[in-house]
Amino acid sequence: MAKKASIYSTLVLIVVAGLFAGGYLLMNRRSRMECGFCRRQINAKAHVVAEVGGRRRDVCCTHCAVTEARQEKKSLRLIAVTDYPTGKLVSPEGAWFVEDSRVIACQHDMSKMDESKHMEQLAFDRCSPGTFAFSDRKAAEAFVDQNGGVLRSLPEVLAEAEQQ
Ligand SMILES: [Zn+2]
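Criteria and thresholds
Residues numbered from 1 in each chain as written. Predicted model: local features only at pLDDT ≥ 70, side-chain atom pairs only at ≥ 80, totals over all residues. Helix = DSSP H or I, 4+ residues; strand = E, 2+ residues; numbered from the N terminus. Buried ≥ 20, exposed ≤ 12 C-beta atoms within 10 Å, placed from the backbone. Contact = placed C-beta atoms within 7 Å. Core = buried A, V, L, I, M, F, W, Y, C linked by C-beta atoms within 7 Å. Pairing = 2+ DSSP bridges. pLDDT = per-residue confidence, 0-100.

Caption draft 1: Broad picture of the overall build of the chain. Looking only at helices and strands, one finds 4 helices and 7 strands in the chain. Secondary structure elements of the chain occur, N-terminal to C-terminal, as α-β-β-α-β-β-β-β-α-β-α. Expressed as a percentage of the 164 residues in the chain, the buried residues total 29%. Of all intrachain contacts in the chain linking residues separated by at least 6 positions in sequence, the fraction that spans at least 24 positions is 67%.

Caption draft 2: Expanded view of the environment of glutamate 99. Locating glutamate 99 in the fold gives a position in strand E5 (residues 96–99). A C-alpha to C-alpha distance of 6.5 Å links glutamate 99 and proline 129, two positions 30 residues apart in sequence. Residues within four places of glutamate 99 in sequence aside, it is in contact with Pro129, Thr131, Gly149, Val150 and Arg152.

Caption draft 3: Highlighting the nonpolar core. Core analysis: the biggest nonpolar cluster contains 31 residues, and Val59, Cys60, Cys64, Ala65, Phe132 and Phe134 have the highest contact counts within it. Looking at this core, the elements with two or more residues in it are strand E1 (48–52), helix H2 (62–72), strand E3 (76–83), E5, strand E6 (132–134) and helix H3 (137–147). At 4 residues, H2 tops the list of elements feeding residues into this core.

Caption draft 4: Structural view of the pairing of E5. Here 3 bridges tie E5 to E6, and the two strands are oriented antiparallel to one another. If you follow valine 98 over to E6, its bridge partner there is phenylalanine 132. Bridge count between E5 and strand E7 (residues 150–153): 4 bridges; the pairing is antiparallel. Each bridged residue has a counterpart across the sheet, and for tryptophan 96 the counterpart in E7 is serine 153.

Caption draft 5: Just unusual backbone geometry, in detail. With a phi angle near 55°, lysine 73 is a residue other than glycine that sits in the positive phi range. Tracing the chain through its elements places lysine 73 in the loop between H2 and E3. Residue lysine 73 is classed as exposed on the basis of its 10 C-beta neighbours within 10 Å. The phi dihedral of aspartate 100 falls on the positive side, at around 60°, and the residue is not glycine.

Caption draft 6: Examining the confidence of the model for the chain more closely. Looking at the chain, pLDDT values average 84 and 80% of them are 70 or higher. Confidence scores differ between elements of the chain, with helix H1 (residues 2–33) showing the lowest mean pLDDT of 73 and E3 the highest of 97. Predicted confidence is poor over residues 109–114, with pLDDT under 50, and the contacts of this stretch with residues over four places away or in other chains come to 7 contacts.

Caption draft 7: Examining H2 more closely. Of all the 11 residues making up H2, 8 are buried; the element is thus mostly covered by neighbouring parts of the structure. If you check which residues of H2 are buried, you get Thr62, His63, Cys64, Ala65, Val66, Thr67, Glu68 and Ala69. Those residues of H2 that are buried lie in contact with E1, strand E2 (55–59), E3, E5, E6 and helix H4 (154–160). One or two positions beyond H2, positive phi appears at lysine 73, with a value near 55°.

Caption draft 8: Layout of the environment of alanine 140. With respect to the helices and strands, alanine 140 occurs in helix H3. Given 23 C-beta atoms within a 10 Å radius, alanine 140 is considered buried. Along the sequence, alanine 140 and tryptophan 96 sit 44 residues apart, while their C-alpha atoms lie 6.7 Å from each other. With near-sequence residues (within four places) excluded, alanine 140 lies in contact with Trp96, Val98, Phe134 and Leu151.

In structure tokens form, the structure reads like this:
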């Protein structure tokens with residue numbers, strides 16, 4: 001009887017450990033796919049890694065991180081940005097940014113937004129217009145020629161986070 005009980009408890013332990021590991025993997029995956037600020041799916045071409053107030057997050061685009069820093073009056077540091085033409089994460093130092101173009105970075109899915117997020121976001125879109133990053137200035141200029149928008153340097157983008 002005692003042996004049977006110990007086999008049973010071992011099985012339970014294995015199942016619990018499996019669920020725990022699965023949940024952990026799922027959470028990890030979620031945090032990589034979802035914007036840490038607005039909870040939208042991250043567009044691979046606009047993905048940035050940013051620190052706002054010292055907390056590092058995966059963000060759907062530069063504009064969303066700038067909005068967060070400005071609204072929360074916190075410091076913004078860009079850790080990595082995605083080079084739009086190649087989809088690779090690159091250093092934001094020396095990168096060029098295009099704002100106000102006709103290309104939409106985020107898919108709108110307001111139903112995913114949780115209730116703790118501010119209501120004004122439903123009317124005002126924190127991610128729009130999306131900001132795209134380019135490691136090559138010529139590529140950024142070509143993008144502007146095709147899609148409109150304004151070319152900005154990293155210091156110009158960071159300065160926007162400090163505007164009130
Ligand atoms: Zn976002």
